[in-house]
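# Overview (structure and organization)
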Amino acid sequence: MSTLATVPALQPARLEETLRRFAALSEPGPGVSRLAYTRLERQAHDLFASLLAELGIAAYTDAAGNTIGELAPDAEPRPGAIGTGSHLDSVPHGGAYDGTVGVVAALAVAAAASAGPRPRHRPWRFVAFAAEEGARFGQACNGSRIVAGLTGAADLRQLTDRTGTTMAAAMTECGLAPERVETARWDPRDWRAFVELHVEQGTVLEHRRVPVGVVDTVSGSTRLRVCLTGVASHTGGTPMDNRRDALAAAAECVLDCERLAVAATDVNTRITVGALTVEPGAITIIPGRVVFTVDVRETDYGRQRAAAHAVGQRCRTVAARRGVDVEVEELADTPPVSLSREVAAVAHAAATALGLPAEVLASGASHDTQQISRLMPAGIVFVPSRGGLSHSPGEFSTADQVAAGAAVLLETMYRLDATA
Ligand code: GLV
Ligand code: MN
Ligand code: MN
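Residues numbered from 1 in each chain as written. Chains lettered and ligands numbered in written order. Predicted model: local features only at pLDDT ≥ 70, side-chain atom pairs only at ≥ 80, totals over all residues. Heavy atoms only, no water.

A word on the coordination of the manganese ion (ligand 2). With distances of 2.0 to 2.2 Å, the protein atoms coordinating the manganese ion (ligand 2) are His 87 (NE2), Asp 98 (OD) and His 198 (NE2). Counting gaps between the donor residues of the manganese ion (ligand 2) yields the pattern H-x10-D-x99-H. A separation of 3.6 Å is found between the manganese ion (ligand 2) and the manganese ion (ligand 3), which share Asp 98 as a coordinating residue. In this pair, His 87 sits in strand β3 (residues 81–87) while Asp 98 sits in the loop between β3 and α3 (100–115), placing the two residues 11 residues apart along the sequence. Per residue, the accessibility class of His 87 equals that of Asp 98, and both read buried. (Donors = N, O, S within 2.8 Å, 3.2 Å for Na, K, Ca; no water. Helix = DSSP H or I, 4+ residues; strand = E, 2+ residues; numbered from the N terminus. Buried < 20%, exposed > 50% of the residue type's maximum accessible area, 1.4 Å probe, protein only.)

Pasting the structure below:
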């Protein structure tokens, strides 16, 4: 690798140590549990702000809970900031890398750039987005959606977690200001470009033995909640031909979701039932009510909507055949996006200049940059994930892989800084 390998802020051991500090901010294991709009997520944002402060970079937290620091230009100024960052919340029992790698790399870039001799013409902004994971409230990328003007105060009062707490209430509890989130919106005229480093969460880079991915497309996601209501009754007393078992119906629906995705013509169609609750949930009671979620991921919006529609149809068919009532509710709908060709080309060239082979690929996961790309040219750089595992305690990328990604990120930022 090039001389960037000698930049102290980009040393693998240093990045690993910072990753460890964030990973320590977790509910008890396994893995990392730092859910959106919780005390732990806020502590991680405070750590981000304090690490920026150590570099002499002041940061603020906006009404939505995003934390942003800015490094002023040190050479003849050009208009429009360039930004980098990712998120600090996690799924329940997730890994230490999803999101955090991009924030830790942003901190390394901040340290390297503020120490470096290389001129910077534009403001550089370092961002920790709030509440990227849809795991708690169904809607992903909340902080970035708010800055992009895609989510407003009224939406925050509608979204609830499994205990019935609204997102607005959770935000207020954390000292944020859900009623004022419009103040957090970004003005695209104030920006030039954004680039995020993230773990791949797939196996393309590992299989091809390539250290760097440059993302061209980010999958969209339609999220459904399906509620099946049958009749709870005695497991011993009720004959098998006189049951309206909500769980048996749900089991058929779950397998139908899998069949739909497996039969799809495109490899990017992914349909998953990830959460399911059974009521009353006792060994001696036929399940009366089952609620489950469906996550439909696609790189083509037409196919995404068609697949979500087909899921609803299948569930209705199964329910009708089994005499069970069904309600299908759409929790969230985010279309796929194509990212900026310009930023992708700059990132690709940056990797090449550092002697790191790079592969162009699609992202099956959602990312904050998906939302930010509505405001400005935006791109995502991936580093490999061991075994493709993510949203799991087994999530892992080596410190060297993270350091290579951070070096590409820094070089990309300098090259974007130098664009017209
Ligand atoms: C974010 O991690 C997602 O669910 O894609
Ligand atoms: Mn992520
Ligand atoms: Mn995630």
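After presenting the structure, the write-up continues.
Attention shifts here to the side chain of Glu 133. Mapped onto the elements, Glu 133 comes out in the loop between β4 (124–129) and α4 (142–147). Of the side chains with opposite charge, Arg 297 comes closest to the buried, unpaired Glu 133, at an N-O distance of 6.7 Å. With near-sequence residues (within four places) excluded, Glu 133 lies in contact with His 87, Asp 89, Ser 90, Val 91, Asp 98, Gln 139, Ala 140 and His 391. (Lys, Arg positive; Asp, Glu negative; His and termini not counted. Salt bridge = Lys/Arg side-chain N within 4 Å of Asp/Glu carboxyl O. Contact = heavy atoms within 4.5 Å.)

A separate point is the packing of helix α10 (residues 341–353) against helix α12 (residues 399–417). Contact geometry of α10 with α12 gives a least axis separation of 8 Å together with a crossing angle of 125 degrees. The pairing of α10 with α12 is recorded here as oblique in orientation. Seen along the crossing, α10 lies across α12 with a hand that is right-handed. Taken together, the residues of α12 that come into contact with α10 (itself represented by Val 343, Val 346, Ala 347, Ala 349, Ala 350, Ala 351 and Ala 353) are Val 408, Glu 411, Thr 412, Arg 415 and Leu 416. Per-class residue counts for the contact of α10 with α12 are nine nonpolar, one polar and two charged. (Axes fitted to C-alpha atoms, helices over the stretch in contact; angles between N-to-C directions. Parallel < 35°, antiparallel > 145°, perpendicular 65-115°, else oblique. Left-handed = near helix turned anticlockwise from the far one by under 90°. Nonpolar A, V, L, I, M, F, W, Y, C, P; charged D, E, K, R; others polar.)

Over its 13 residues, α10 extends 18 Å from the first C-alpha to the last, a length consistent with the 18 Å expected when each residue adds 1.5 Å. For α10, the complete set of buried residues consists of Val 343, Ala 344, Val 346, Ala 347, Ala 350 and Ala 351. Mapping the buried residues of α10 onto a view down its axis gives an arc of 160 degrees, with all of them on the same face. Residues of α10 that are exposed and angled more than 90 degrees away from the buried face: Arg 341 and Thr 352. The secondary structure elements touched by the buried residues of α10 are β5 (191–199), β6 (212–218), β13 (358–363), β14 (378–383) and α12. Measuring from the side-chain oxygen of the N-cap residue of α10 to the backbone nitrogen of Glu 342 gives 3.1 Å; that N-cap residue is Ser 340. Just downstream of α10 lies Gly 355, where phi reads positive at about 75 degrees. (Expected span 1.5 Å × (residues − 1). Arc of directions from axis to C-beta. Polar contact = N/O pair within 3.5 Å; in protein donor to acceptor, adjacent residues only side chain to side chain.)

What follows deals with the pairing of β14. For β14, a buried count of six out of six residues is recorded, marking the element as mostly surrounded by other parts of the structure. Where β5 and β14 come together, six bridges link them in parallel fashion. Paired with Glu 196 across the two strands is Ile 380, which belongs to β14. Pairing between β6 and β14: two bridges, direction antiparallel. Paired with Gly 213 across the bridge in β14 is Phe 382. (Pairing = 2+ DSSP bridges.)

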